[in-house]
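# Commentary on secondary and tertiary structure
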Amino acid sequence: MTEDLKSYLHKQMASVENLHAIVVTDRDGVVIVKVANQMAPDTALRQSFLSVFGIMTEQASKMGMGNNSKIINFYDRFQTVQINAHPLLLHFIADRNANTGLILELEHVLADVLQDVSKVVTMM
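Here is what the cut-offs are and how they apply
Residues numbered from 1 in each chain as written. Predicted model: local features only at pLDDT ≥ 70, side-chain atom pairs only at ≥ 80, totals over all residues. Heavy atoms only, no water. Helix = DSSP H or I, 4+ residues; strand = E, 2+ residues; numbered from the N terminus. Buried < 20%, exposed > 50% of the residue type's maximum accessible area, 1.4 Å probe, protein only. Pairing = 2+ DSSP bridges. Axes fitted to C-alpha atoms, helices over the stretch in contact; angles between N-to-C directions. Salt bridge = Lys/Arg side-chain N within 4 Å of Asp/Glu carboxyl O. Expected span 1.5 Å × (residues − 1). Arc of directions from axis to C-beta.

## A word on unusual backbone geometry
The step from H86 to P87 runs through a cis peptide bond, and the omega angle for that step is 5 degrees. Relative to the assigned elements, P87 resides in the loop between β4 (78–85) and β5 (88–95). With a phi angle near 70 degrees, N18 is a residue other than glycine that sits in the positive phi range. You can see N18 is positioned in the loop between α1 (2–14) and β1 (19–25). For N18, a relative accessible area of 27% corresponds to the partly exposed category.

Spelled out as C-alpha cells, the structure:
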C-alpha cells in the first residue's frame, strides 16, 4: 500500500509545476509518507520544520476567529502550504512562483486518500 500511495502522490506532485514535495505527517510532525524531488529543500523536510505547523495552527486558532485550517508561507525561493487535515497534517513545498491555488486544490484531490490514511493512523 505504501508504494501505491507514494506513486499516487508523485503523480499529484507532477500535476503542479514547481511543486517539489508532498509530506503527510501526524500532529507531532512524524512523517507518515513523503514524496520529494531533488529540488525540495532539505530543511523543509525535517521533522523539526514539519512539527512547527501543528503548533502554529493551534496558536492561530486561539485568535478568536475559529479553527485555523491552512497556513501559507513565502520565503525567498520557496513557499510552503500546510493544511490541517485532522488528524493528519499535509505539507506542500514548492518554488515561490508555483501556483498556490493549484496546490490548495490538491487538498480536495487527496481527500479520499487522506481519509484512508487517517483510519490507519488512528488505529495505531
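## Quick notes on the sheet that holds β1
Pairing is antiparallel across the open sheet formed by 5 strands, whose spatial order is β2-β1-β5-β4-β3. Of all the strands in the sheet, just β2 (31–36) and β3 (70–74) have a single pairing partner and so form its edges. Going from strand to strand, the sheet's axes swing by 10 degrees on average, the running direction of each strand aside. In this sheet, β4 lies alongside β3 in antiparallel orientation, the contact comprising 5 bridges.

## Points about the pattern of salt bridges
Under the definition given, this model contains 1 salt bridge. When the shortest N-O distance is used, the salt bridge between K70 and E107 registers 3.1 Å. Placement of K70 in strand β3 and of E107 in helix α4 (residues 100–109) is noted, with a sequence separation of 37 residues between them. Taking the relative accessible area as the measure of exposure, K70 reaches 32% and is therefore partly exposed.

## A few points about the environment of N67
Residue placement: N67 occurs in the loop between α3 (47–61) and β3. Judged by its relative accessible area of 74%, N67 is exposed. Through-space distance from the C-alpha of N67 to that of G29 is 19 Å; in sequence the pair is 38 residues apart.

## Some points on helix α5 (residues 111–123)
For α5, spanning 13 residues, the distance from its first C-alpha to its last is 19 Å, which sits close to the expected 18 Å at 1.5 Å a residue. For α5, the complete set of buried residues consists of L114, V117 and S118. Projection of α5 onto a plane perpendicular to its axis shows the buried side chains occupying an angular sector of 110 degrees, all on one side. Residues of α5 that are exposed and point more than 90 degrees away from the buried face comprise D112 and M123.

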